[in-house]
Amino acid sequence: MADGKKSKSATVCGYPISIFFIVVNEFCERFSYYGMRAVLVLYFKYFLRWDDDFATTIYHTFVALCYLTPILGAIVADSWLGKFKTIVYLSIVYTLGQIVMAISAIHDITDSNKDGIPDNMTFHVALSMVGLILIALGTGGIKPCVAAFGGDQFEDHQEKQRSTFFSIFYLSINAGSLLSTVITPILRAQECGIHTQQKCYPLAFGVPAALMVVALIVFIVGSGMYNKTAPQGNIIVQVCKCIGFAIKNRFRHRAREHPCRTHWMDWAEEKYDKLLIAQVKMVLKVLFLYIPLPMFWALFDQQGSRWTLQATTMDGDFGALIIQPDQMQTVNPILILVLVPIMDSLVYPLISKCKLNFSPLKRMTVGMFLAALAFIAAALVQIQIDQTLPKFPSSTVGQAKFINMVNRTLNINAGPNSFTLESYKANEEYFNFNGPFELNLGSGNAFLGNIPAGTRATVVIIQNGTKPRPTQFRDIKSKPEQGTNAIRFLNGFGSVLNATVGTLEFGNTITNNMSEYVSVPQGNAQFHIRDNRGQECVYTQKLGFGSSYTLIIPPTFAFGPNCENSIQPVVDIKPNTIHMAWQIPQYFLITAGEVVFSVTGLEFSYSQAPSNMKSVLQAGWLLTVAVGNIIVLIVAEAATLPDQWAEYILFASLLILVCIIFAVMAYFYTYLDPAKIEAEFAHEEPEDKEKRKSLEMAKKDSVEHHKEDRRSSDSSSDEEETKQTKI
């Protein structure tokens, strides 16, 4: 069917068959977008090796771009290509972006030395940025087209079916979002690779890419069944032209001799109908209320960045389930499905029965306040997390702890620190050292110790003949990543030992030496310790999230039935102890705020919008989301707050301030009846039309006269030029 034609298509149960293709397309597209976005900030942090602030900045730059491009998509669809072609072309761009993202996450492409770390990170960063730009153009460009294209499939007498379609359509959005935020973190947590096994970001991005391919194919397959309307011009462009003309005309008549007009938009009357001007005035009145709204989205969209990064420092053990940090985002869509019907059928009717005037703008104010409370809750959780995190050495201080491998208790003086250490034990905390220090092991055994600034070390005191002597080993000085645990062995046994856990190997460790660190996942880890004669000891250690242990095998160790009892675990870095469940209150508050703010805000905007300008307010609403994300990236880069909890409090304080400003603006807002105002201007007075017509004729005569003068001038000029040429 050609664009511009509309005919009755085949139906099933009163619904056009074509809408089923559109609903499946939307489900797959939303799965693709939210699935990719769920793991994006962790991809930045752990694969591209960006710090938290820069990862947050790029994440919110991407989200902002996704909400800026819908305006471009709407203009292209309504002015040039039409909705169908716009969706197809931009879906191809979208699909290419997802495929590029999946390729960029394959570490083996540039891992020439096969150590699991890409050798050319610039290549992966460049591919990632290209992929994200393509995705932002695609997802943003089709966002305003798909729902409207679905509505175009219905005839005028199918209002009921059209309403049901939109309910099913938005259900498919939530279903795609919910499933993707559950599934893609699970895919990311798998390990894959050609040479080395790493977290499987290619699979986490590849499945959304595959879903986007399916979405594109399904949409194209239904092509012959669609009603396709030809582009008829974009109302956003028309509104912008009207506003631009009013501003230009007012500036042109800024002299005092020109009388003032009631509203600055009235300066557009020379060119535009009074009805259009009245509609633009109504739109501008609502858009003025939108000015404080970006601050809400600045907080709301940090669920995918700051809150996900916060979850990486927490305990995700839910008994039978191990929750990944990026899976906590699932709480939001689940709570939406629960809270929306509760609000609509219980809370709002109850407030109405209590004779309370809970107007839409008051609801939005409450929603903003709830979001601020959510960030206060996040700050309280962050304070508790900070108390459990290790204090790593600064650039001017070195840290060390001590392990006694001598078969007697030692009284140790290490600089200003004095302590007693039993055999095969370690002191619990690290000591700080500002430079060289004297290490006295008693009985006249004194040594000069030195822990380089900015490093962590373990000083192992071993038996050297009849006297003890210290040996220094470097420790890790950061939390193990992605919830794994850094484990190493200290071999005090009289022969070389080899240890394995699952498929991971520690290698051969000689006597009185340390093995390399090995990253071991959470759970009950079984370590198999073998000597050169094939004897084996199995030691089990329960591991949490983000811990580090040194497992001491003492000189008294012996293979046998109870061999594991002599192995002593030393905690170098404690596991995460604050449970991820403590994030649920902040997710509840932010979701309750979203339900009260976002749903009510859209309903309010539509009730106050002229009949033909609802898309203008939709564009304005999406623009507030984009600006909110821009606010986050500015704060993430500009703020120099030393603690994350302080940043949460800063955002909460800013939103409370904006909330107060919005409440004042809402107090003075007068609700409009767009239908009544439009009816007043529906029939323009004849004299107004005649006046504008005469003005246009006068302008036309002036232009024609100017053209005639130019032609005459050009003719004379041509004659003179011809003469000169002949000469």
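Keep in mind the model is a prediction, meaning the values are calculated, not measured. (Residues numbered from 1 in each chain as written. Predicted model: local features only at pLDDT ≥ 70, side-chain atom pairs only at ≥ 80, totals over all residues. Heavy atoms only, no water.)

Engineer: What's the story with the overall build of the chain in this structure? I'm lost.
Structural biologist: Broken down by element type, the chain carries 17 helices and 24 strands. In terms of overall dimensions, the chain is more spread out than a globule: its C-alpha atoms have a radius of gyration of 34 Å, far above the 27 Å expected for 727 residues. When the backbone C-alpha atoms are referred to their principal axes, the chain occupies close to 115 × 85 × 55 Å. Taking all 727 residues of the chain together, the buried fraction comes to 49%. Accessible area of the chain: about 34,600 Å², with a carbon and sulfur share of 60%. Taken as two groups, the 60 positive and 62 negative side-chain charges of the chain have centres that lie 2 Å from each other. (Helix = DSSP H or I, 4+ residues; strand = E, 2+ residues; numbered from the N terminus. Rg over C-alpha atoms; globule rule 2.2 N^0.38 Å. Buried < 20%, exposed > 50% of the residue type's maximum accessible area, 1.4 Å probe, protein only. Areas by Shrake-Rupley, 256 points an atom, 1.4 Å probe, with all protein chains shown as cover. Lys, Arg positive; Asp, Glu negative; His and termini not counted. Charge placed at Lys NZ, Arg CZ, Asp CG, Glu CD.)

Engineer: Just checking my understanding: could you explain the state of the cysteines for this structure?
Structural biologist: Cysteine pairs can be covalently joined through their sulfur atoms, and such a bond is termed a disulfide. The full count for this structure, using the stated rule, is 2 disulfides. Each sulfur in the disulfide pair Cys192 and Cys200 lies 2.0 Å from the other. Of note, the bridge from Cys192 to Cys200 carries an S-S torsion of about 105 degrees and is right-handed in sense. Classification of Cys192 by relative accessible area gives partly exposed; the value is 21%. (Disulfide = S-S within 2.5 Å.)

Engineer: It is not clear to me how the sheet that holds strand β21 (residues 523–531) should be interpreted in this structure. Could you clarify?
Structural biologist: Sheets are built from strands paired through backbone hydrogen bonds, the pairs being either parallel or antiparallel. Read across the sheet, 4 strands follow the order β18-β17-β21-β22 without closing on themselves; strand pairing throughout is antiparallel. Two strands close off the open sheet at either side, each with one partner strand: β18 (504–509) and β22 (536–543). Strand-to-strand twist in this sheet, taken as the mean axis angle between neighbours without regard to direction, amounts to 20 degrees. Pairing geometry for strand β17 (residues 497–501) and β21, over 5 bridges, is antiparallel. What sits directly across from Asn498, in β21, is Arg530. (Pairing = 2+ DSSP bridges. Axes fitted to C-alpha atoms, helices over the stretch in contact; angles between N-to-C directions.)

Engineer: Mind showing me how you'd approach the packing of aromatic side chains here?
Structural biologist: Aromatic rings considered in pairs are described by the distance between their centres and by the relative angle of their planes. One pass over the structure, following the stated rule, counts 49 aromatic pairs. Arranged with centres 5.2 Å apart and planes meeting at 15 degrees, the rings of Tyr43 and Phe47 form a pair that is stacked. Here the residue Tyr43 and the residue Phe47 both occupy positions in helix α1 (residues 18–47), the gap between them amounting to 4 residues, near one helical turn. On the accessibility criterion, Tyr43 (0% relative accessible area) is buried. Each ring, one from Tyr290 and one from Trp621, has its centre 5.7 Å from the other, and the planes form 75 degrees; the classification is edge-to-face. Note that Tyr290 is positioned in the loop between α8 (274–289) and α9 (294–300) and Trp621 in helix α14 (residues 614–638), a separation of 331 residues in sequence. The residues Tyr290 and Trp621 share a single accessibility class, namely buried. One aromatic cluster in this structure is built from Tyr43, Phe44, Phe47, Trp50, Phe54, Tyr201 and Phe205. Sitting above the plane of the Phe251 ring, Arg254 keeps its charged end 4.0 Å from the centroid. Above the plane of the ring of Tyr430 lies Arg456, whose end atom (NZ or CZ) is 3.8 Å from the centre. (Phe/Tyr/Trp six-rings, centres within 6.5 Å; stacked < 30°, edge-to-face > 60°. Lys NZ or Arg CZ within 6 Å of the ring centre and 35° of its normal.)

Engineer: Mind showing me how you'd approach α8 here?
Structural biologist: Since the α-helix advances by 3.6 residues per turn, residues separated by three or four positions end up pointing in the same direction. A rise of 1.5 Å per residue sets the reference length of α8, with its 16 residues, at 22 Å; its end C-alpha atoms lie 23 Å apart and thus fit the reference within 8%. Every buried residue of α8 is listed here: Leu276, Ile277, Ala278, Gln279, Val280, Met282, Val283, Val286 and Leu289. In this structure, the buried side of α8 is in contact with α7 (235–252), α12 (360–388), α13 (584–608), α14, α15 (644–667) and α16 (674–681). (Expected span 1.5 Å × (residues − 1). Contact = heavy atoms within 4.5 Å.)

Engineer: I tried to follow the packing of helix α3 (residues 83–104) against helix α4 (residues 121–151) on my own but got confused; where do I start?
Structural biologist: Packed helices, taken two at a time, are described by the angle between their axes plus the distance between the axes. Their axes nearest at 7 Å, the elements α3 and α4 cross at an angle of 150 degrees. The pairing of α3 with α4 is recorded here as roughly antiparallel in orientation. Here α3 and α4 pass one another in a crossing that is left-handed. Partitioning the contact of α3 with α4 into residue classes produces 19 nonpolar, 11 polar and 1 charged. (Parallel < 35°, antiparallel > 145°, perpendicular 65-115°, else oblique. Left-handed = near helix turned anticlockwise from the far one by under 90°. Nonpolar A, V, L, I, M, F, W, Y, C, P; charged D, E, K, R; others polar.)

Engineer: Would you explain the sheet that holds strand β9 (residues 417–421) in this entry?
Structural biologist: One open sheet holds the 4 strands; their spatial order is β9-β8-β12-β13, and the pairing between them is antiparallel. Among the strands making up the open sheet, the edge pair consists of β9 and β13 (446–449). The mean angle between the axes of side-by-side strands here comes to 20 degrees, regardless of whether they run parallel or antiparallel. Here 2 bridges tie strand β8 (residues 410–414) to strand β12 (residues 437–440), and the two strands are oriented antiparallel to one another. By the bridge assignment for β12, Ala414 is matched with Leu439.

Engineer: What's the story with the side chain of Ser128 in this structure? I'm lost.
Structural biologist: One can find Ser128 in helix α4. Setting aside chain neighbours within four positions, we find Ser128 in contact with Tyr43, Leu48, Met101 and Ser104.

Engineer: Would you mind going over the side chain of Arg456 with me for this structure?
Structural biologist: Tracing the sequence through the fold places Arg456 in strand β14 (residues 456–464). For the buried Arg456, no salt bridge exists, and the shortest N-O distance to an oppositely charged side chain is 5.9 Å, to Asp475. Polar side-chain contacts of Arg456 include one of 2.8 Å to the side chain of Gln399. (Salt bridge = Lys/Arg side-chain N within 4 Å of Asp/Glu carboxyl O. Polar contact = N/O pair within 3.5 Å; in protein donor to acceptor, adjacent residues only side chain to side chain.)

Engineer: In this structure, what is going on with the packing of α8 against α13? I would like to understand it.
Structural biologist: α13 packs onto α8 with a crossing angle of 160 degrees between their chain directions and a minimal axis gap of 10 Å. For the element pair α8 / α13, the angle class is roughly antiparallel. As for how α8 packs across α13, the hand of that crossing is right-handed. On α13, the residues touching Met282, Val286 and Leu289 of α8 are Phe604, Ser605 and Gln608. Per-class residue counts for the contact of α8 with α13 are 4 nonpolar, 2 polar and no charged.

Engineer: Help me out: how do you make sense of the environment of Leu68 in this one?
Structural biologist: Position of Leu68 among the secondary structure elements: in helix α2 (residues 52–81). Taking C-alpha positions, Leu68 is 23 Å from Ile590, a pair spaced 522 residues apart along the chain. Those residues within four positions of Leu68 in sequence are excluded, and the remaining contacts are Leu623 and Ala626.

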